[in-house]
Amino acid sequence: MKRHIKTFGFTLLAATALYSCSKVEKGYLSDQIRYVDNPIRIKRGQVQNTSPVSNDGSSAPVTYELLDFRDVLKHQRADSLFTNYERYEWIAQFDPEKDTTVALLNKKRQKVSTPCWQFNKYTGAFTFFGTSVKVPLGTYEFDIRATNQNGSKVFKNIATITMLDEPPYNIGDGGAAWFRDGTSTSGDLGAPIVTIKKLSDEGTNIILKIADQNGKYFNPSKGEIIRRGDRSDFQTYAQFHPLTLTDTSMTCNFETTPFPLLQSAYGYLIYYRIPSNFVTVDPGYAPTNDPVYNVNPRFQFQIFQEGTYEVTVKVKHVNRK
């Protein structure tokens, strides 16, 4: 009996030793790697980062490779997503408080020609750039390969990306008031009506026009619109170039998005004054009909995408003389 027990013991030890010498699989690579935020929505023309892929507990490190983009309806390669487009790329830390000239700005950026996206091989996340405005609207499916010490797996149609258009700007709150010349006596005229129209995908220009309630533009080149020395105005935010004035508009080249880059002490508000010799206030809004009331509009907006824009500010209850 003892001999049988000893024999069994030796057999168990031998089996254990043999098992311990066998090759153990390295790591773990899940079959359930996925994008949790699928479908992914991308605003064309705006810089946007997507969420990373979920590796479902796969052994780190895992690296990822983008294999293909296809039109989801045609299931054909989406050439527009692989086409190179010219854009600026940051090559050094940009400080908008200090880098306030084009010369300083250009030391921090360089032109490159790349697809409108960048794929992070360590996270599986995308960065889409402003050049995505060149990609047709629609939905695109894509494939990736995941690799770790265990090997590689290909994930076909792992997720979709939908290119959509949303307004590339935001219009904030504003207001307007009349002031009797040389006094602090004032009254409310209500918030101006601000409209923004994108004229082109090219350039980095904002054409600002200020009009009366009937759409007649005040002339900034002849002093019909003047700065308020203690407040922020269009030039405050147009930090790389002086404004170009015409009979109807003020234009700035904002160079880089978003615009404005920085808030002033007044947020993003733009303040101006229309002197009393260029404007009249509707009866009932000012105490008298005397031509002694200047008008002070304030408004704010932000631009998130490169291009050329026309911004019109219509001041209520006033008329250009």
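Refer to the preceding data block for the structure.
Because the structure is a prediction, the values reported are computed rather than measured.

Trainee: Any chance you could break down the overall build of the protein for me, citing the residues and the numbers?
Mentor: For the protein, the helix and strand inventory stands at three helices and 22 strands. In terms of overall size, the protein is more extended than a compact globule, its C-alpha atoms giving a radius of gyration of 31 Å where 321 residues would be expected to give roughly 20 Å. Dimensions of the protein along its principal axes, counting C-alpha atoms only, are 125 × 45 × 40 Å. Expressed as a percentage of its 321 residues, the buried residues of the protein come to 42%. Across the protein, contacts joining residues at least 24 apart in sequence account for 73% of those joining residues at least 6 apart.

Trainee: Describe in detail the side chain of serine 249, supporting the description with residues and values.
Mentor: Summarising the element assignment, serine 249 is placed in the loop between β15 (244–245) and β16 (250–253). Take serine 249: its relative accessible area is 6%, and that puts it in the buried class. Of the polar contacts made by the side chain of serine 249, one reaches the side chain of threonine 246; its length is 2.8 Å. Not counting residues up to four positions away in its chain, the partners in contact with serine 249 are Ile207, Leu208, Lys209, Pro220 and Thr244.

Trainee: Let's hear about the pairing of strand β19 (residues 293–299): which residues, and what values?
Mentor: Here β19 lies mainly inside the structure; six of its seven residues are buried. The sheet contact formed by strand β11 (residues 175–180) and β19 spans six bridges and is antiparallel. If you follow alanine 177 over to β19, its bridge partner there is asparagine 296. Pairing geometry for strand β17 (residues 270–271) and β19, over two bridges, is antiparallel.

Trainee: Mind laying out the environment of glutamine 93, listing which residues take part and the relevant values?
Mentor: Inspection of the secondary structure assignment puts glutamine 93 in the loop between β4 (85–90) and α2 (102–106). Spatially, the C-alpha atom of glutamine 93 lies 46 Å from that of phenylalanine 278, the residues being 185 residues apart in sequence. Every residue in contact with glutamine 93, bar those within four places of it in the chain, is listed here: Asp99 and Lys108.

Trainee: Which residues make up the nonpolar core, and what are the values?
Mentor: Formed by 34 residues in total, the largest nonpolar core has its most connected members in Ile206, Ile210, Phe234, Phe259, Tyr272, Phe299 and Phe301. If we skip the residues at most four places from it in the chain, phenylalanine 259 touches Ile206, Phe234, Tyr237, Ala238, Cys252, Phe254, Phe301, Gln302 and Ile303. Of all hydrophobic cores here, the second largest spans 28 residues; its members include Phe69, Tyr140, Ile161 and Met163.

Trainee: Give a description of the sheet that holds strand β2 (residues 48–49) that names residues and reports values.
Mentor: Spatial ordering of the open sheet is given by β2-β7-β6, a layout of three strands whose pairing is antiparallel. Bordering the open sheet on either side are β2 and β6 (117–119), each of which pairs with just one other strand. Across two bridges, β2 lies against strand β7 (residues 126–128) in antiparallel orientation. Considered in β7, the bridge of glutamine 48 is made with phenylalanine 128.

Trainee: Outline the environment of lysine 74, supporting the account with residue identities and numerical values.
Mentor: Following the sequence through the fold, lysine 74 ends up in the loop between β3 (63–71) and β4. Judged by relative accessible area, lysine 74 falls into the exposed class, the value being 59%.

Trainee: Summarise the sheet that holds β3; cite the residues concerned and give the values.
Mentor: Read across the open sheet, the four strands follow the order β1-β9-β8-β3; overall the sheet is mixed. For this open sheet the edge positions go to β1 (40–43) and β3, each flanked by a neighbour on one side alone. Along the sheet, successive strands turn relative to each other by an average axial angle of 30°, direction set aside. Summarising the sheet, β1 and strand β9 (residues 151–164) pair through four bridges and their orientation is parallel.

Trainee: Describe in detail unusual backbone geometry, supporting the description with residues and values.
Mentor: The general pattern is negative phi for most residues beyond glycine and trans for most peptide bonds. Cis rather than trans, the peptide bond between asparagine 38 and proline 39 has omega equal to 0°. Turning to its location among the elements, proline 39 is positioned in the loop between α1 (2–21) and β1. Following phenylalanine 259, the chain continues to proline 260 via a peptide bond in cis, the omega torsion being -10°. Tracing the chain through its elements places proline 260 in the loop between β16 and β17. Even without being a glycine, histidine 75 presents a positive backbone phi close to 55°. Assignment of secondary structure puts histidine 75 in the loop between β3 and β4. The exposure class assigned to histidine 75 is exposed, which follows from its relative accessible area of 51%. With phi around 50°, asparagine 157 is a residue other than glycine that occupies positive phi space. By secondary structure assignment, the location of asparagine 157 is in strand β9. The exposure class of asparagine 157 is partly exposed, given its relative accessible area of 43%.

Definitions and cut-offs
Residues numbered from 1 in each chain as written. Predicted model: local features only at pLDDT ≥ 70, side-chain atom pairs only at ≥ 80, totals over all residues. Heavy atoms only, no water. Helix = DSSP H or I, 4+ residues; strand = E, 2+ residues; numbered from the N terminus. Rg over C-alpha atoms; globule rule 2.2 N^0.38 Å. Buried < 20%, exposed > 50% of the residue type's maximum accessible area, 1.4 Å probe, protein only. Contact = heavy atoms within 4.5 Å. Polar contact = N/O pair within 3.5 Å; in protein donor to acceptor, adjacent residues only side chain to side chain. Pairing = 2+ DSSP bridges. Core = buried A, V, L, I, M, F, W, Y, C linked by side-chain atoms within 4.5 Å. Axes fitted to C-alpha atoms, helices over the stretch in contact; angles between N-to-C directions.

Just distances and angles here, no functional claims.
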